[in-house]
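Secondary and tertiary structure notes
What follows is the residue order along each chain.
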Amino acid sequence: MTGTSPAKNIGLRGVTVADTKISDVDGEHGILIYRGYKIEELARNSTFEETAYLLLNDSLPTEGQLQEFSGKLVAARALPEIILEAMKRLPAKAQPMDVLQATIPMLAMSDPDLTDESREANIDKAIKLITRVASVVTAWHRIRNNQALLSPDTGLNHAGNFLKQLSGDVPDQETARDLDTALILHADHSFNASTFACREVVSTRAHIYAGVAAGVGALSGSLHGGANAQVMQMLLQLEKEQDIHGWVRKQLDGGQKIMGMGHAVYKTTDPRAKFLKEMCLRLGRKLGQEQWYRLSTQVEKAAIEELERRGKTTIKPNVDFFSAPVYHMMGIPNDLMTPVFAIARIAGWTAHIIEEKFGDAQGKPALYRPSSEYIGNYCGKSGCVYTPVSQRT
Ligand SMILES: CC(C)(COP(=O)(O)OP(=O)(O)OC[C@H]1O[C@@H](n2cnc3c(N)ncnc32)[C@H](O)[C@@H]1OP(=O)(O)O)[C@@H](O)C(=O)NCCC(=O)NCCS
């Protein structure tokens, strides 16, 4: 027998497994910081490029450092031809998150510096990943729709170029800035499931791409990044519903969750949701699509009331609740909403991978290896007797 571990915590809730200097979530008070800066401060004043630099490094860049970093992101935007060729052979119905996860090892295969594990090489790989995850998402969307691939626009920032490479149209400045802000809000979130997956994989000394591929897989689930697409599906389903409160009550009575509500750490409203809620209202007014704000806030109000009635007073909207209608109004299809989460979170994933690889926060790298309690068959110290297959009934 393996013996029992001193403490068992299913799901690792509240268990501190490492030190980090990158970000922190105060779930009681609804506070999120990246490298000491509150998320509201960054969302109002920073850009995705600058925030990505901040996450990867320990401080905000100088003007020169930011220019150099942004220049590297722009220079690496185009995908290697072999990846585009491989993507053209994938079934058009393939889910975008599966395509994204499948292309990450291809990025590894086309990296001439793959085996260079120096910090500088890892930072360079992080920069290529930050820019190319977005390129994979736009390329896949055009390939599956039989549309010609578009070259990156070197005059646009990361968010603007993403929207242009997706639709072919240069976005207006306000829309590009809104996506930029949404990317900042999604860029990191301490030891969430996908970031932990990245860190756990590279703790074995696997390369950065192996870690990122694991992160993409973890993000795809509906309890994590996959929730935004499910929120939009719910809103589309409720567009003609007269009795929103009744629908919410029925869902909860049937043991169903209201997607985009609740959080493993926040016990109050997610600070990112507050920002996205305002954005949802502003975008709705600008585009004459206020119905999405109206509908989302009706669901929010009904869900909070019904959950409170059932004694669940800490379940509030999370980041996915209002990002869904925001992305919808930006023209982002439902099944690209989780990939858009990935194009932001790649900044945090790569920062955490580098911190893990070099033991930046806790002195030296560690191999994650939790224990489990064995509760399966047990035949005593000598083990169960093996019966040949022909004698089994
Ligand atoms: C994110 C999430 C997994 C975190 O929850 P958690 O801390 O693990 O808590 P649990 O899932 O164990 O839920 C605790 C209780 O609250 C309920 N609950 C949690 N989120 C709920 C939701 N969105 N709708 C309805 N009930 C919910 C659970 O059903 C459970 O009830 P029970 O004790 O009667 O079984 C959960 O809130 C959820 O599934 N939300 C919807 C998916 C989502 O939006 N995910 C994105 C997160 S950023």
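Residues numbered from 1 in each chain as written. Predicted model: local features only at pLDDT ≥ 70, side-chain atom pairs only at ≥ 80, totals over all residues. Heavy atoms only, no water.

Let us now look at the site of the ligand. Neighbouring the ligand are 19 residues; Lys-257, Ile-258, Gly-260, Met-261 and Lys-312 lie closest to it. Taking 850 Å² as the accessible area of the ligand by itself, protein coverage stands at 68%. (Near = heavy atom within 4 Å. Areas by Shrake-Rupley, 256 points an atom, 1.4 Å probe, with all protein chains shown as cover.)

What you see with strand S1 (residues 23-26) is a clean split: Ser-23 and Val-25 sit on the buried side and Asp-24 and Asp-26 on the side with no burial. One ladder, built from four bridges, connects S1 with strand S2 (residues 31-34); its direction is antiparallel. Its bridge partner being in S2, Asp-26 is matched across the sheet by Ile-31. Connecting S1 to the antiparallel partner S2 that follows it, the hairpin turn spans four residues, and Gly-30 within it adopts a positive phi of roughly 70°. (Buried < 20%, exposed > 50% of the residue type's maximum accessible area, 1.4 Å probe, protein only. Helix = DSSP H or I, 4+ residues; strand = E, 2+ residues; numbered from the N terminus. Pairing = 2+ DSSP bridges.)

All right, on to the side chain of Gln-165 then. Looking at the secondary structure, you find Gln-165 in helix H7 (residues 158-167). Reaching out from Gln-165, the side chain makes a polar contact with the backbone oxygen of Leu-150 at a distance of 2.6 Å. If near-sequence neighbours (up to four positions away) are discounted, Gln-165 is found in contact with Thr-138, Arg-142, Leu-150, Ser-151 and Pro-152. (Polar contact = N/O pair within 3.5 Å; in protein donor to acceptor, adjacent residues only side chain to side chain. Contact = heavy atoms within 4.5 Å.)

Helix length check: helix H10 (residues 208-219) (twelve residues) gives 16 Å between terminal C-alpha atoms against 16 Å at 1.5 Å per residue, within 8%. Buried within H10 we find Ile-208, Tyr-209, Gly-211, Val-212, Ala-213, Gly-215, Val-216 and Leu-219. The secondary structure elements touched by the buried residues of H10 are helix H5 (96-109), helix H6 (119-144), helix H9 (193-202) and helix H16 (337-357). (Expected span 1.5 Å × (residues − 1).)

Taken as a whole and assessed by the stated rule, the structure comprises one disulfide. Across a sulfur-sulfur distance of 1.8 Å, Cys-379 and Cys-384 are joined as a disulfide pair. When the S-S torsion is 70°, as for the bridge of Cys-379 with Cys-384, the disulfide is right-handed. Residue Cys-379 is classed as partly exposed on the basis of its relative accessible area, which comes to 40%. The exposure class assigned to Cys-384 is partly exposed, which follows from its relative accessible area of 49%. (Disulfide = S-S within 2.5 Å.)

Next up on the list: the sheet that holds S1. Here three strands make up an open sheet; going across it, the order is S1-S2-S3 and the pairing antiparallel. Looking at strand neighbours, the two that pair on one side only are S1 and strand S3 (37-38), the edges of this open sheet. Examined bridge by bridge, S2 and S3 share two bridges and lie antiparallel to one another. Bridging across to S3, Ile-33 finds its partner in Lys-38.

Each aromatic ring pair is specified by the distance between its two centres and by the angle formed by the two planes. For the coordinates displayed, the defined rule picks out four aromatic pairs. A network of ring pairs unites the aromatic residues Phe-191, Phe-196 and Tyr-368 as a single cluster. Sitting over the face of the ring of Phe-358, Arg-119 holds its NZ or CZ atom 4.6 Å from the ring centroid. (Phe/Tyr/Trp six-rings, centres within 6.5 Å; stacked < 30°, edge-to-face > 60°. Lys NZ or Arg CZ within 6 Å of the ring centre and 35° of its normal.)

What follows covers the pairing of S2. Along S2, the buried face is formed by Leu-32 and Tyr-34; none of Ile-31 and Ile-33, which line the opposite face, is buried. Connecting S2 to the next strand, S3, in antiparallel fashion are two residues, including Arg-35 with a positive phi near 45°.

We now examine the pattern of salt bridges. As enumerated under the stated definition, the model contains 26 salt bridges in all. Among the salt bridges present, the one from Asp-360 reaches Arg-119, with a minimum N-O distance of 2.7 Å. Of the two residues, Asp-360 is situated in the segment after H16 and Arg-119 in helix H6; the sequence distance between them amounts to 241 residues. Asp-360 sits in the partly exposed class, given a relative accessible area of 28%. A salt bridge links Asp-180 to Arg-177; the nearest nitrogen and oxygen atoms lie 2.7 Å apart. In this pair, Asp-180 and Arg-177 are both assigned in helix H8 (residues 173-186), three residues apart and thus about one turn of the helix distant. For Arg-177, a relative accessible area of 29% corresponds to the partly exposed category. Through salt bridges that share partners, Asp-172, Glu-174, Asp-178, Arg-282 and Lys-286 make up one connected network. (Salt bridge = Lys/Arg side-chain N within 4 Å of Asp/Glu carboxyl O.)

This part is about a nonpolar patch on the surface. A cluster of nonpolar side chains, Leu-12, Val-15 and Val-17, forms an exposed patch at the surface whose accessible area comes to about 190 Å². By the secondary structure assignment, Leu-12 is in the segment before S1. (Patch = residues over 30% accessible without salt bridge, like charges linked within 9 Å, V, L, I, M, F, W, Y side chains within 5 Å.)

Turning our attention to the packing of H9 against H10. Across the interface, H9 lies against H10 with an axial gap of 7 Å and an inter-helix angle of 150°. Put simply, H9 runs roughly antiparallel to H10. Between H9 and H10 lies a crossing of right-handed hand. Within the contact between the two elements, H9 uses Ala-193, Ser-194, Ala-197, Cys-198, Val-201 and Val-202 and H10 uses Ile-208, Ala-210, Gly-211, Val-212, Ala-214, Gly-215, Ala-218 and Leu-219. Here the contact of H9 with H10 is composed, by residue class, of eleven nonpolar, three polar and no charged. (Axes fitted to C-alpha atoms, helices over the stretch in contact; angles between N-to-C directions. Parallel < 35°, antiparallel > 145°, perpendicular 65-115°, else oblique. Left-handed = near helix turned anticlockwise from the far one by under 90°. Nonpolar A, V, L, I, M, F, W, Y, C, P; charged D, E, K, R; others polar.)

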